[in-house]
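# Notes for the structure review
Below, each chain spelled out in residue letters.
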Amino acid sequence: MKRSRIVSTGAYVPETIMSNSDLEKMVDTSDEWITERTGIKERRIASKEQATSDLAYEASKIAIERAGITPEDIDLIIVATISGDMPFPSTACFLQEKLGAVNAAGFDVNATCSGFLYALHISNGMIKSGLHKRILVVGAETLSKITDWEDRTTCVIFGDGAGAVILEPSENDRGVISTHINSDGRLWELINLPGGGSRNPASDETIKNRLHYIKMKGNETFKVAVRTLEDLAVRTLEVNNLNPSQLSLLIPHQANMRIIQATADRLKLPMEKVLVNLQLYGNTSAASIPIALHEAVISDKIKEGDYILLEAFGGGLTWASALIKW
Ligand code: COA
């Protein structure tokens, strides 16, 4: 069976930079603590006027241009996000309107930080089955809008941004080799946004109790993330009979430098083979992998035929990976 292939990438981050020292003025934290515990130095913050589809639009425009296609050529749009423009309609529909992608269907995927890889998993299946021929897959977030800027345990971590890829059928063995998605709903309490849904509909009470912001049990999440991602990376290579030494690049979800380092150590990968940009953008949830992938492409970190491994972990809990022959 034919593979699906990422034929182009695009990314966009908002202009406004918030540094660790900016955060020192807002909550009881320090550049030293944030750098040591996470590796993050700064993050981008969307303007008041920018919603998630606006970021997605900028990233998508680049991916479409680099693919040498027009928006009318796209037959499906999948946006992975947990910070969509509105609870409904989908951010994919807003993006479709902005692009003028009149021949596409669109929907969103909610799998938190693993969202882009979930969307890639779905898209890969759609292309391989012949149901769709050209899919715009996007990870886009404005987490700054759902972050509690009084909670130092979460507000130092997150950032805004968007990344996009165009997926098409491959003509040869280049493309997505395998995708793997997993979840464990028993651990939903580790990361969630409790307010505004049918469990806790918006009310004066939910606002007063700050339920419309991300809640995270950071340290517990950290421990599960390290263990799970190490296993996931090893397993993804094993099922494809690949040695870690054959990998050209690992593109991990950009959550925490210590988590990334642990996965690299487990695979015995030197850090030159690991794409890290969280110092600049923080954790942009579903956007982090496509932003990093675009960076790898435009800085010539990947060449044709390279094996690259993508992996992510997030609320749900969810975790996912993809092995690609570029
Ligand atoms: N500045 C200064 N101190 C802070 C702080 C901040 N921004 N946030 C927390 N602290 C304090 C805590 O209150 C705690 O103090 P105490 O020891 O006096 O109780 C201490 O620092 C250690 O807190 P802890 O939560 O154990 O730190 P940590 O080493 O686990 O680092 C995270 C916190 C959030 C950086 C880390 O747990 C993490 O990255 N978790 C995973 C996040 C993730 O991957 N999420 C999934 C994708 S969204």
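I will try to describe carefully the structure that is included in this document. Just so we're clear, the structure is a prediction, and the values are computed from it rather than from any experiment.

### Here's the deal with the sheet that holds strand β12 (residues 307–314)
Spatial ordering of the open sheet is given by β8-β13-β12-β11, a layout of four strands whose pairing is mixed. Both edges of this open sheet fall to β8 (175–183) and β11 (247–252), since each of them pairs with a single strand only. On average, each strand axis in the sheet is tilted by 10 degrees relative to the strand beside it, whichever way the strands run. Pairing geometry for β8 and strand β13 (residues 318–325), over eight bridges, is antiparallel. Paired with Ser-183 across the strands is Thr-318, a residue of β13. Here helix α11 (residues 288–298) sits on the sheet in contact with β11 and β12, set at roughly 145 degrees to β11.

### Observations concerning the site of the ligand
Close contacts around the ligand come from 22 residues, with Thr-29, Arg-37, Arg-152, Asn-219 and Asn-256 the closest. One of the backbone nitrogen or oxygen atoms of Arg-152 is found 2.9 Å away from a nitrogen atom of the ligand. Taking Arg-258, its side chain carries an N or O atom lying 3.1 Å from an oxygen atom of the ligand. When the ligand is considered free in solution it has 960 Å² of accessible area, and contact with the protein chains removes 74% of it. Broken down by secondary-structure element, the contributors of at least two residues to the shell around the ligand are α2 (31–38), α6 (152–155), α8 (218–239) and α9 (257–266). Here the element with the most residues in the shell around the ligand is α8; it accounts for four residues. Across the shell around the ligand, the residue classes tally to ten nonpolar, eight polar and four charged. Counting the residues that make up the shell around the ligand, at least three belong to each of domain 1 (4–172) and domain 2 (177–325).

### Quick word on helix α5 (residues 115–129)
Compared with the 21 Å implied by 1.5 Å per residue over 15 residues, the 21 Å span of α5 between its first and last C-alpha is a close match. Turning to α5, its buried residues number three or more, namely Gly-115, Phe-116, Leu-117, Tyr-118, Ala-119, Leu-120, Ser-123, Asn-124, Met-126 and Ile-127. In the stretch just after α5, Gly-130 is the one whose phi turns positive, near 85 degrees.

Analysis parameters
Residues numbered from 1 in each chain as written. Predicted model: local features only at pLDDT ≥ 70, side-chain atom pairs only at ≥ 80, totals over all residues. Heavy atoms only, no water. Pairing = 2+ DSSP bridges. Helix = DSSP H or I, 4+ residues; strand = E, 2+ residues; numbered from the N terminus. Axes fitted to C-alpha atoms, helices over the stretch in contact; angles between N-to-C directions. Contact = heavy atoms within 4.5 Å. Near = heavy atom within 4 Å. Polar contact = N/O pair within 3.5 Å; in protein donor to acceptor, adjacent residues only side chain to side chain. Areas by Shrake-Rupley, 256 points an atom, 1.4 Å probe, with all protein chains shown as cover. Nonpolar A, V, L, I, M, F, W, Y, C, P; charged D, E, K, R; others polar. Domains from an automatic or database assignment. Expected span 1.5 Å × (residues − 1). Buried < 20%, exposed > 50% of the residue type's maximum accessible area, 1.4 Å probe, protein only.

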